[in-house]
Amino acid sequence: MATHLCALADIPDGGSKGVLPNQRGRDQALLVRRGGQVFGYINNCPHYDRAPLGWKKDEFLNGSRDRIMCSAHGALFRIEDGECVIGPCLGQSLQSLPLTVDDGQVFAQIEIEGLGRA
């Protein structure tokens, strides 16, 4: 069963957005948009379990907006596949979230235990 995350228009082109807030309001996943393509990951740094990546709401990218950045460790991850290219978790990857974009809406294509719904 697919889980609706947000509208494509809710993610700025070249930007990021947190989705699936838990009971405390922390976004459990993040989305990065490149044109009509969206990449999704679980919002946990592989260097230290449960360390959230963003430094503030919907801000998951470095200054040049070409990498996902962990605010706790400074690790940088490729947007396209989530692999760490700089930092303490070099060679490890973010847990990807399979997505589809249908009629301007973004959906996760799997159910993930422990993640809430948007």
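Scroll up to find the structure.
Basis of the calculations
Counting starts from 1 at the beginning of each chain's written sequence and moves along it residue by residue. The predicted origin of the model limits local features to residues at a pLDDT of at least 70 and limits the giving and counting of side-chain atom pairs to 80 or more, whereas totals for whole chains, interfaces and linings rest on all residues. Computation of side-chain values covers all heavy atoms of the structure but excludes hydrogens and water. Each helix is a run of H or I in the DSSP string that is no shorter than four residues. Each strand is a run of E no shorter than two, and both are numbered from the N terminus. As a reference, a globule follows 2.2 Å times the number of residues to the power 0.38, and the radius of gyration itself is taken over C-alpha atoms. Exposure classes here rest on a 1.4 Å probe applied to the protein chains alone. A residue is buried below 20% of its type maximum, exposed above 50%, and partly exposed in between. In what follows, residue pairs with any heavy atoms lying within 4.5 Å of each other are defined as contacts. Only when DSSP finds a minimum of two bridges between them are two strands counted as paired. Axis definition: a line fitted to C-alpha atoms, over the contacting stretch in the case of helices. Angles run 0 to 180 degrees between N-to-C directions. Pairs of N or O atoms are called polar contacts if they sit within 3.5 Å, as long as, within protein, a hydrogen donor faces a hydrogen acceptor (for residues adjacent in sequence, only side-chain-to-side-chain pairs).

Trainee: How should I be thinking about the overall build of the chain in this particular structure?
Mentor: In terms of helices and strands, the chain carries zero helices and nine strands. Its helices and strands in sequence order give the chain the pattern β-β-β-β-β-β-β-β-β, from N to C terminus. Its C-alpha atoms give the chain a radius of gyration of 13 Å, within 12% of the compact-globule value 13 Å for 118 residues. Projecting the C-alpha coordinates of the chain onto the three principal axes gives extents of approximately 40 × 30 × 25 Å. Relative to its 118 residues, the chain shows a buried fraction of 40%. A separation threshold of at least 6 residues defines the contact pool for the chain, and within that pool the share at least 24 residues apart is 46%.

Trainee: What's the story with the environment of Gln 28 in this structure? I'm lost.
Mentor: Relative to the helices and strands, Gln 28 is located in strand E3 (residues 27–34). A relative accessible area of 11% means that Gln 28 is categorised as buried. Considering only alpha carbons, one finds Gln 28 and Ala 51, 23 residues apart in sequence, at a separation of 11 Å.

Trainee: Honestly, the sheet that holds strand E7 (residues 84–86) in this entry has me stumped. Any pointers?
Mentor: Whether parallel or antiparallel, the strands of a sheet pair through hydrogen bonds between backbone atoms. Spatial ordering of the open sheet is given by E5-E6-E7, a layout of three strands whose pairing is antiparallel. Where the open sheet ends on each side, the last strands, each with one partner, are strand E5 (67–69) and E7. Sheet twist, expressed as the mean angle between neighbouring strand axes with direction ignored, is 40°. By the bridge criterion, three bridges tie E5 to strand E6 (residues 76–78) in an arrangement that is antiparallel. Across the sheet, the residue bridging to Arg 67 is Arg 78, located in E6.

Trainee: How should the side chain of Ser 16 be read in this particular structure?
Mentor: Summarising the element assignment, Ser 16 is placed in strand E2 (residues 16–21). A polar atom in the side chain of Ser 16 sits 2.9 Å from the backbone oxygen of Asp 58. Of note is the side chain of Ser 16, whose polar atom sits 3.2 Å from the backbone nitrogen of Phe 60. Look past the residues within four positions of Ser 16 in its chain and what remains in contact with it is Ile 11, Leu 31, Val 32, Asp 58, Glu 59, Phe 60, Leu 61 and Arg 65.

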